[in-house]
Amino acid sequence: MVSALAATSSAALQGWSAAAGAQRMQRQGASRDASATEQAGEERSASTPDARAANDAEQARAMQREIERLSARDKEVRAHEQAHMAAGAGLVTRGASYSYVKGPDGRRYATGGEVGIDTSPGKTPQETIDKAQRIRAAALAPAQPSGQDLQVAAQATQMQMQAQMELVLQRRNAAYSGMAEETGGSTAQRRTPLYAVA
């Protein structure tokens, strides 16, 4: 019976040993899982600052790009309006005024502007022609004239053309008057009436 007992004991021991081994394996698996979870947590906590740093760096680069874009626009706008003022000397009614936007760095950047220019006609057709040429030069002075600049230049061209027509009419009328005085009579039979077109 001893042997049977021993066998029973041996089987019991083997059963216990198998059960204990399974438990040990479960504990080791749980330990490995816990260790893996801890490692993942450590990696996440280690990568979170890295991810934050990368995100912060990207935001800083984006902010710097925006500041550079606004700064370039500011320089372009100021140069544009300065060109108007330089070419329009004597015609400028008010200096440059700017519209601004606040940048991510808290500074104000000019994004648009305008210069007031006197576009009224001169006292005589010749003065109007001269003034129209100066207005057009001031409007087209910037490297890249805006739509408004082109419109002002077109109006100046139209004003110049009208003044040239008036000047031609004045000269013709003066010539006909001179002819009448030289001949001592009227030139009504030889001339056709000229009308100013407005």
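Residues numbered from 1 in each chain as written. Predicted model: local features only at pLDDT ≥ 70, side-chain atom pairs only at ≥ 80, totals over all residues. Heavy atoms only, no water.

### What to know about the overall build of the protein
Step number 1: Each helix and strand counted, the protein has three helices and two strands in total.
Step number 2: The helix and strand sequence of the protein, counted from the amino end, reads α-β-β-α-α.
Step number 3: Within the span of the protein, comprising 198 residues, buried residues form 19% of the whole.
Step number 4: Restricting to contacts in the protein with at least 6 residues of sequence separation, those with at least 24 account for 53%.
Step number 5: Entry remark: accessible area of the protein is about 13900 Å², with carbon and sulfur atoms responsible for 54%. (Helix = DSSP H or I, 4+ residues; strand = E, 2+ residues; numbered from the N terminus. Buried < 20%, exposed > 50% of the residue type's maximum accessible area, 1.4 Å probe, protein only. Contact = heavy atoms within 4.5 Å. Areas by Shrake-Rupley, 256 points an atom, 1.4 Å probe, with all protein chains shown as cover.)

### A few points about helix α2 (residues 125–139)
Step number 1: Across its 15 residues, α2 extends 21 Å between first and last C-alpha, which sits within 8% of the 21 Å expected from 1.5 Å per residue.
Step number 2: Those residues of α2 lying buried are P125, T128, I129, K131, A132, I135, A138 and A139. (Expected span 1.5 Å × (residues − 1).)

### Looking at the side chain of H84
Step number 1: Position of H84 relative to the elements: it lies in helix α1 (residues 2–87).
Step number 2: Accessibility expressed as a relative area gives 5% for H84, which makes it buried.
Step number 3: Within the structure, H84 has its side chain in polar contact with the side chain of D149 (distance 3.1 Å).
Step number 4: Every residue in contact with H84, bar those within four places of it in the chain, is listed here: V115, A138, A139, A141, P142 and D149. (Polar contact = N/O pair within 3.5 Å; in protein donor to acceptor, adjacent residues only side chain to side chain.)

### Looking at the pattern of salt bridges
Step number 1: Taken as a whole and judged by the stated rule, the model has seven salt bridges.
Step number 2: A salt bridge links E66 to R69; its shortest N-O distance comes to 2.7 Å. With E66 and R69 both in helix α1, this residue pair falls three residues apart, about one helical turn.
Step number 3: A single salt-bridge network, built from bridges that share partners, covers E58, R61 and R65. (Salt bridge = Lys/Arg side-chain N within 4 Å of Asp/Glu carboxyl O.)

### What about the side chain of D149?
Step number 1: Inspection of the secondary structure puts D149 in helix α3 (residues 147–183).
Step number 2: Here D149 sits buried without a salt bridge, and the closest side chain of opposite charge, R73, lies 9.8 Å off (N-O distance).
Step number 3: At 2.8 Å, the side chain of D149 and the side chain of H80 are in polar contact.
Step number 4: From its side chain, D149 meets the backbone nitrogen of S146 in a polar contact 2.9 Å long.
Step number 5: Residues within four places of D149 in sequence aside, it is in contact with H80, H84, A139 and P142. (Lys, Arg positive; Asp, Glu negative; His and termini not counted.)

### Some details on the packing of aromatic side chains
Step number 1: A full pass over the atoms with the stated rule returns one aromatic pair.
Step number 2: In this structure, R78 packs its charged tip against the face of Y98, placed 4.8 Å from the ring centre. (Phe/Tyr/Trp six-rings, centres within 6.5 Å; stacked < 30°, edge-to-face > 60°. Lys NZ or Arg CZ within 6 Å of the ring centre and 35° of its normal.)

### Quick word on the nonpolar core
Step number 1: Ranked by size, the top nonpolar core spans eight residues in total: L91, A132, I135, A139, V152, A153, A156 and M159.
Step number 2: For this core, the secondary structure elements donating two or more residues are α2 and α3.
Step number 3: The leading source of residues in this core is α3, at four residues. (Core = buried A, V, L, I, M, F, W, Y, C linked by side-chain atoms within 4.5 Å.)

### Some points on the pairing of strand β2 (residues 108–117)
Step number 1: With eight bridges connecting them, strand β1 (residues 92–102) and β2 associate as antiparallel partners. The partner of Y100 across the bridge, within β2, is A110.
Step number 2: Between β1 and β2, which pair antiparallel and follow one another directly, the connecting turn spans five residues, one of which, G106, has a positive phi of 90 degrees. (Pairing = 2+ DSSP bridges.)

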